[in-house]
Amino acid sequence: MYKFSLGNFISESNQLLENVEIAYHIFGELAPEKKVIWVCHALTANSDAQDWWPNFIGENLTLETEKYTIVCANILGSCYGTSFQKQEKLPLITIRDMVKLHQELAKFLQISEIELLLGGSLGGMQCLEWAIAEPDFIKKLFVIATNAKHSAWGIAFNEAQRMALELGKNGIDAARAIAMLSYRNYATFEATQTDEEEKLENYKAASYQRHQGEKLRKRFSKESYFMLSKAMDSHHLGRGRNSVENALSQITAETLVIGIDSDILFPVSEQKFIAGHIKNAKLEVISSLYGHDGFLIETEKISTLLKKHFNL
Ligand SMILES: CC(=O)SCCNC(=O)CCNC(=O)[C@H](O)C(C)(C)COP(=O)(O)OP(=O)(O)OC[C@H]1O[C@@H](n2cnc3c(N)ncnc32)[C@H](O)[C@@H]1OP(=O)(O)O
Ligand SMILES: N[C@@H](CCO)C(=O)O
């Protein structure tokens, strides 16, 4: 992991963040003759994209490190390396703030254009914002399981999680358990957490939920979880740009949008809307047992579509 000291940064909500440091990974050598692929990560991941998107980035893999330089930066608000001076009150961070930091890092790395910008969920939100902010800079765009404006349904899930966080020390366990209900669905739990034997308590689904909660508590900070969920709520491509439709129409990149048929958090209608308003976009729908989390799990299906649409 590398670090870049940006210094002071004024957020979209006009708050001063001091001593901002951006943590990032580079896979494959950064060289002027190599084209750049930039990965934007989702809520609780980090800049080590090889780790959370396994069998996807590397030699002889879909994002080929011999051919491309692949960059992934840890997002503003996350607890995995990107940081700013602690403040009394948690600042309100937006997706546009995250993208401004990506832009600063790209300048620092002397990247002249991005061949392919990609991301899912909160990562997809960053990709769309960036492709609107700098249409000429982004040649190809791939987003999955994301939306153009966060939904009332998504905000309600996030608020329920923040209410859980407010309960104290282990509130993050409950927050993650709530989130899991939106990341998966009825069929996922039926297929993976149904008890075969007869019993009156200690069900698999219950211990699964507790395990997921504990796992997140051990690796993530509740402050980051709060800031990132607020950032997700604020996602609105149309803010200050007349409308969401108008904002999407400014994207010139050749675009692939993928929806997951079982995603109850970011339903396919949202990706259909995105693809419908970008001039040069194609929509594909994949099927998955894993709902929204399918964007992290269905690597093979995603790779097939990426290779079909883009000459990687
Ligand atoms: C530093 C870091 O760790 S970086 C962060 C890694 N995570 C990220 O980057 C975020 C993106 N990744 C994710 O959100 C997830 O890892 C996903 C969606 C890709 C996969 O989710 P997972 O939780 O790994 O998969 P799944 O739903 O199958 O659950 C498996 C886990 O539940 C446990 N489990 C399964 N059933 C049960 C049960 N009935 N009771 C208790 N535990 C259970 C498994 O033992 C396994 O535990 P482990 O992860 O501690 O080994
Ligand atoms: N499981 C993912 C889902 C967020 O879209 C994460 O924890 O980042």
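Only a predicted model underlies this, so the values are computations on that prediction, with no experimental measurement involved.

1. Section: the sheet that holds strand E3 (residues 35–40)
Strand order across the open sheet formed by eight strands is E1-E2-E6-E3-E7-E8-E9-E10, with mixed pairing between neighbours. The sheet terminates laterally at strand E1 (2–10) and strand E10 (281–286), the two strands that pair on one side only. Each strand axis lies, on average, 20° off the axis of its neighbour in the sheet, ignoring direction. One ladder, built from four bridges, connects strand E2 (residues 16–27) with strand E6 (residues 68–73); its direction is antiparallel. In the sheet register, Ile26 faces E6, and the bridge partner there is Val71.

2. Digging into the site of ligand 2
Around ligand 2 lies a shell formed by Leu43, Thr44, Ser121, Arg176, Tyr183, His292, Asp293, Phe295 and Leu296. A distance of 2.8 Å is found between a nitrogen atom of ligand 2 and a side-chain nitrogen or oxygen belonging to Asp293. Relative to its unbound accessible surface of 260 Å², ligand 2 loses 94% to contact with the protein. With respect to the pocket detection grid, ligand 2 is positioned in the largest pocket. Residue composition of the shell around ligand 2, by class: four nonpolar, three polar and two charged.

3. Regarding the state of the cysteines
Evaluation of the coordinates by the stated rule reveals zero disulfides. Lacking any disulfide linkage, Cys72 is separated from the closest cysteine sulfur, that of Cys40, by 7.2 Å. Classification of Cys72 as buried rests on a relative accessible area of 0%. Distance from the sulfur of Cys79, which forms no disulfide, to the nearest cysteine sulfur (Cys72) is 14 Å. Judged by its relative accessible area of 32%, Cys79 is partly exposed.

4. Observations regarding the domain arrangement of the chain
Domain annotation of the chain identifies domain 1 (2–150 + 236–310) and domain 2 (153–228). Listed as interface residues are 24 residues of domain 1 and, on the opposing side, 25 residues of domain 2. Across the interface of domain 1 and domain 2, roughly 2100 Å² is buried in total on both sides, 65% from carbon and sulfur atoms. Measuring nitrogen to oxygen at the nearest pair gives 3.0 Å for the salt bridge that ties Arg184 to Asp293. Of the residues assigned to the side of domain 1 that touches domain 2, the class counts are 16 nonpolar, seven polar and one charged.

5. As for the site of ligand 1
Close to ligand 1 lie 17 residues, the nearest being Gln193, Ser207, Tyr208, His211 and Lys215. At 2.8 Å from an oxygen atom of ligand 1 is found a side-chain nitrogen or oxygen belonging to Arg184. Isolated, ligand 1 exposes 1000 Å² of accessible area, and the fraction of that covered by the protein chains is 59%. Per element, the largest residue contribution to the shell around ligand 1 is seven residues, and it comes from helix H7 (residues 204–219). When grouped by side-chain class, the residues that make up the shell around ligand 1 number five nonpolar, six polar and six charged. Composition of the shell around ligand 1 by domain shows at least three residues from each of domain 1 (2–150 + 236–310) and domain 2 (153–228).

Reading the values: rules and limits
All residue numbers here refer to positions counted from 1 along the written sequence of the relevant chain. Think of it this way: whatever chain is written first is A, whatever ligand is written first is 1, and the rest follow in order. Whole-chain, interface and lining totals are the exception, using all residues; otherwise, since this is a predicted model, local features are given only for residues with pLDDT of at least 70 and side-chain atom pairs are given and counted only at 80 or more. Only hydrogens and water are set aside when side-chain values are computed; all heavy atoms of the structure are taken into account. Any two strands between which DSSP finds at least two bridges are classified as paired. Comment: elements are numbered from the N terminus, with helices defined as DSSP H or I runs of at least four residues and strands as E runs of at least two. Fitted lines through C-alpha atoms give the axes, limited to the stretch in contact for helices. The angle between two N-to-C directions lies from 0 to 180 degrees. Working definition: residue near molecule or strand if any one of its non-hydrogen atoms lies within 4 Å of it. Under the rule applied, a polar contact is a pair of N or O atoms within 3.5 Å (in protein, one hydrogen donor and one hydrogen acceptor; residues adjacent in sequence only if both atoms are side-chain atoms). Areas reported here follow the Shrake-Rupley algorithm with a probe of radius 1.4 Å; residue values treat only the protein chains shown as occluding. For cavity detection a 1 Å grid was placed over the protein atoms alone, and a set of points counts as a cavity when a 1.4 Å probe fits there but cannot get out; an open set counts as a pocket when protein lies on both sides within 12 Å along at least five of seven lines, with lining residues being those that have an atom within 4 Å of a point. Assignment to a cavity or pocket requires that more than half of a molecule's atoms be within 2 Å of the site's grid points. Residues were grouped as follows: Ala, Val, Leu, Ile, Met, Phe, Trp, Tyr, Cys and Pro as nonpolar; Asp, Glu, Lys and Arg as charged; and all remaining residues, including Gly, as polar. The rule for a disulfide is simple: a pair of cysteine sulfur atoms within 2.5 Å. Exposure classes here rest on a 1.4 Å probe applied to the protein chains alone. A residue is buried below 20% of its type maximum, exposed above 50%, and partly exposed in between. Note that the domain bounds reflect an automated or database-derived domain assignment. Contacts between residues were defined by any pair of non-hydrogen atoms, one from each residue, lying within 4.5 Å. By definition, the buried area sums, over both parts, the 1.4 Å-probe accessible area that each loses when the two are put together. Just to be clear on terms, a salt bridge is a Lys or Arg side-chain nitrogen sitting within 4 Å of an Asp or Glu carboxyl oxygen.

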